[in-house]
Amino acid sequence: MTRALLLENGLVVDGTGEQGRAGDVLLIGDRIAAVGTGLRNRLPAGLPLDDVTVRDCAGLAIAPGFIDVHTHDDAIVLNAPGMFPKLSQGVTTVVTGNCGLSVVPYVVAQPQGALTLLGNSFQYPSVAAYAQAVTDAQPAVNVAPLIGHTTLRSACMDDLARAASAQETAAMCALLEQCMADGAIGLSSGLFYAEAMPAPAGEVTELARVVARHGGVYATHMRTEMADILEAMHEASDCAFEAGVPLVISHHKCAGPANWGRTKQTLPLIDTLALRQDIAMDVYPYVAGSTVLREDLVDGIIDVMVSWSAPYPEMTGRMLASIAAEWGTTQREACLRLKPGGACYFQMHEDDVRRVISHPRSMIGSDGLPHDQHPHPRLWGAFPRVLARYWREQKLFSMEQAVHKMTGLSARNFRLHERGEVRQGWFADITVFDPATIRDVATYEQPLAQSEGVAMVIVNGELSFDAGAATGGRGGRMLLKPGPARR
Ligand code: ZN
Ligand code: CU
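Residues numbered from 1 in each chain as written. Chains lettered and ligands numbered in written order. Predicted model: local features only at pLDDT ≥ 70, side-chain atom pairs only at ≥ 80, totals over all residues. Heavy atoms only, no water.

(A) Region of interest: the packing of helix α11 (residues 350-358) against helix α12 (residues 378-393). Between α11 and α12, whose axes approach to 12 Å, the crossing angle comes to 100°. Here α11 is positioned roughly perpendicular relative to α12, judged by the angle of their axes. Contacts between α11 and α12 involve E350, V353, R354 and I357 on the former and, on the latter, V386, R389 and Y390. Along the lines of polarity and charge, the residues of the contact of α11 with α12 split into four nonpolar, no polar and three charged. (Axes fitted to C-alpha atoms, helices over the stretch in contact; angles between N-to-C directions. Helix = DSSP H or I, 4+ residues; strand = E, 2+ residues; numbered from the N terminus. Parallel < 35°, antiparallel > 145°, perpendicular 65-115°, else oblique. Contact = heavy atoms within 4.5 Å. Nonpolar A, V, L, I, M, F, W, Y, C, P; charged D, E, K, R; others polar.)

(B) View of the coordination of the zinc ion (ligand 1). Protein coordination of the zinc ion (ligand 1) is provided by C99 (SG), H221 (ND1) and H251 (NE2), with donor distances spanning 2.1 to 2.2 Å. Written as a sequence motif, the donor residues of the zinc ion (ligand 1) are C-x121-H-x29-H. (Donors = N, O, S within 2.8 Å, 3.2 Å for Na, K, Ca; no water.)

(C) Here's a closer look at helix α3 (residues 127-137). Along α3, the residues classified as buried are V127, Y130, A131, A133, V134 and A137. With its buried residues spanning 160° around the axis, α3 presents them on a single face. Its buried side turned inward, α3 meets α1 (76-79), β7 (91-96), β9 (123-124), β10 (142-148) and α5 (166-181). Of the residues one or two after α3, Q138 is the one with positive phi, at around 50°. (Buried < 20%, exposed > 50% of the residue type's maximum accessible area, 1.4 Å probe, protein only. Arc of directions from axis to C-beta.)

(D) Molecular detail of the sheet that holds strand β13 (residues 247-249). Strand order in the open sheet formed by eight strands is β6-β7-β10-β11-β12-β13-β14-β18, and the pairing between neighbours is parallel. Unpaired on one side and paired on the other, β6 (66-68) and β18 (362-364) mark the two borders of the sheet. Each neighbouring strand pair of the sheet contributes to a mean axis angle of 30°, computed without reference to strand direction. Sheet analysis places strand β12 (residues 217-221) next to β13, joined by three bridges and oriented parallel. Paired with A219 across the two strands is V248, which belongs to β13. Lying on the sheet, α12 is in contact with β6, β7 and β18; it crosses β6 at an angle near 125°. (Pairing = 2+ DSSP bridges.)

(E) Quick look at the coordination of the copper ion (ligand 2). Within the protein, H70 (NE2), H72 (NE2), C99 (SG) and D367 (OD) serve as the donor atoms for the copper ion (ligand 2), at 2.0 to 2.5 Å. Every donor counted, the four donor atoms about the copper ion (ligand 2) form angles of 84 to 166° at the centre, which fits irregular coordination. In the primary sequence, the donor residues of the copper ion (ligand 2) line up as H-x1-H-x26-C-x267-D. Distance-wise, the zinc ion (ligand 1) is placed 3.2 Å from the copper ion (ligand 2), both being coordinated by C99. (Tetrahedral: all angles 85-135°; square planar, octahedral: opposite > 155°, others 65-115°.)

(F) Layout of α12. An ideal rise of 1.5 Å per residue puts 22 Å on 16 residues; α12 reaches only 18 Å between its terminal C-alpha atoms. At P384, α12 shows its largest bend, some 50°. Burial analysis of α12 places 13 of its 16 residues in the buried class, which makes it a mostly covered element. Trailing α12 by a residue or two, K395 shows a phi angle of about 55°, which is positive. (Expected span 1.5 Å × (residues − 1). Bend = angle between axes of the 7 residues up to and from the residue.)

Below, the structure is given as structure tokens:
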């Protein structure tokens, strides 16, 4: 018998940004069968009410499952497939492979540099092999993979401290071509990281052309988010424009006190660029960024909190300034000693975060780092925080617009087929939450804390989270792009 679930008497917030409407949503199998009112009296022929699980959603919003467009979950979907930090926020899909870093297509025992952000699962020479592993692991959430430029470089070059030769570029393009043919949704780059910094714009443009042929997207952690951010934005947008691909600027921010306030320049530039090309951005709702420990990000002014350290695990969760004081060193010297490791950098101004998050082209992406010992709280709290802090408390936008930034807009920008909206016939990825109480609980001090106010999470029709706990349902799938032949 097909599974049927009727969500009754909720506020249907459909993900388009349109105002919510009181009503019901009927899910049959992995699809949304109907959206409307009084659906229990209009069930399809052959489906008696007795065969339907009915859940009262009075006082609750029925929304599309949230789409986390910026993740580094490539390996964690395999190693901890319950995906509780994400599922408990209402997330039903993760876009992996951001910032130039994907586990596919690369086989290596010990990853180096920024690739360490992904943990240690570099065993997949192809998207097909990775997709099989994901399917075998049965994660609770859907997985939509981007292919990382840094990963392609690692697979095709012996020395990452230089530009790729013509031959190496051709090899990267061929690898990417196969990944796209296997269903990857696009390309990402992390030109900010040492392993990709030496790549000229042209190297990325060649790869982006491959993506264009397959109808994919290009997401970039730009070369810099500091003094030269406008130049970096022009580089990224020219590259995407020349190649003919839609562009997503990753975790848009103006980093460092000297650049605070400059979203007043960057956002108008995005508006201008949007006149000639398809451009969007993702953002997380916090003033701290987080990545590997890097001495060039330690200026002695901003606060830095250690999120992991291989040589000094006992320093995890502590502020770099206090460690430096204890050691009698500068913060930069302390950073060097603590490496390899990770940190949260309090490098943004709240006003900039507010401006970016309010912009109609921004989507929510957590950028959570699931392998960090003491991770940035965005890993457990990003989505509820947007609703609690930026909609309910600060009223920067309507609840419907907030949901749109987490669902409909995200699916549209990443070309996720029939997801991101509560619409008849589309996939049954649904998050039911309490608008009055949804909130993040994770903090910098206590980052491993479950968010509140998410009532139910349904993934491909499977109830996976209910009444504050995982049900054990694991309905996630690989979201592979249909290739030209299959379209
Ligand atoms: Zn990044
Ligand atoms: Cu990232």
